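What follows is each chain in one-letter form.
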Amino acid sequence: MSDFRGEVTVIAGGVEYPAWADLLSWGEQSRTDAFDPPEDDVPGLSDWNGSLKVADWEVVEALTHGEELELRMPDGRVGRCVVSRHSSEAGLMVIEGSGPPPF
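What you are looking at is a predicted structure, and each value in this text was computed from that prediction instead of being measured. (Residues numbered from 1 in each chain as written. Predicted model: local features only at pLDDT ≥ 70, side-chain atom pairs only at ≥ 80, totals over all residues. Heavy atoms only, no water.)

S.K.: Can you break down the pattern of salt bridges residue by residue, with the values?
M.R.: On inspection of all chains with the given rule, the structure shows five salt bridges. Taking the shortest distance from any N to any O, the salt bridge between R80 and E68 comes out at 3.7 Å. With R80 in strand β5 (residues 78-87) and E68 in the loop between α1 (57-64) and β4 (69-72), this pair connects stretches of sequence that are 12 residues apart. Taking the relative accessible area as the measure of exposure, E68 reaches 38% and is therefore partly exposed. We note a salt bridge from R80 to E70, for which the minimum N-O separation is 3.3 Å. Taken as a pair, R80 in strand β5 and E70 in strand β4 lie far apart in primary sequence, 10 residues in all. Judged by relative accessible area, R80 falls into the partly exposed class, the value being 39%. (Salt bridge = Lys/Arg side-chain N within 4 Å of Asp/Glu carboxyl O. Helix = DSSP H or I, 4+ residues; strand = E, 2+ residues; numbered from the N terminus. Buried < 20%, exposed > 50% of the residue type's maximum accessible area, 1.4 Å probe, protein only.)

Shown next, in the form of structure tokens:
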């Protein structure tokens, strides 16, 4: 499990928007066979989600209409996500990651 809190860039339709992110990722362990001993556990898929805060409600409206967004971390890594819920008035978006976590 890992987390990230800090400034990120959200990219939608080729336009970049600054945002503050609060993100969390976790992985599941799965076994190759239900009868295998625990030492045979193998890493499973990882999931990630979190929230994005932006300064302008118009940015939230622009970002929530895209099918998939890119989230660029300060170190340049990029992850894809979708907005699952949002509050334009608060400038807040709840996102669900797609693919491996970028942090």
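S.K.: Can you tell me about the environment of S2, naming the residues and giving the values?
M.R.: As for its position among the elements, S2 is in strand β1 (residues 2-12). A residue is classified by how much of its surface remains accessible, and S2, at 27% relative accessible area, is partly exposed. Each C-alpha atom, one on S2 and one on W26, is 6.6 Å from the other, the two residues being 24 residues apart in sequence. Setting aside residues no more than four positions away along its own chain, S2 makes contact with L23, L24, S25 and F103. A polar side-chain atom of S2 sits 2.8 Å from a polar atom in the side chain of S25. (Contact = heavy atoms within 4.5 Å. Polar contact = N/O pair within 3.5 Å; in protein donor to acceptor, adjacent residues only side chain to side chain.)

S.K.: Outline the environment of G13, listing residues and values.
M.R.: Position of G13 among the secondary structure elements: in the loop between β1 and β2 (15-31). Once the C-alpha coordinates of G13 and E70 are considered, the two residues, 57 residues apart in sequence, prove to be 9.4 Å apart.

S.K.: Describe in detail the side chain of T9, supporting the description with residues and values.
M.R.: Looking at the secondary structure, you find T9 in strand β1. Owing to a relative accessible area of 18%, T9 belongs among the buried residues under this scheme. If near-sequence neighbours (up to four positions away) are discounted, T9 is found in contact with E16, Y17, E70, L71 and R72.

These figures come from the coordinates and say nothing about function on their own.
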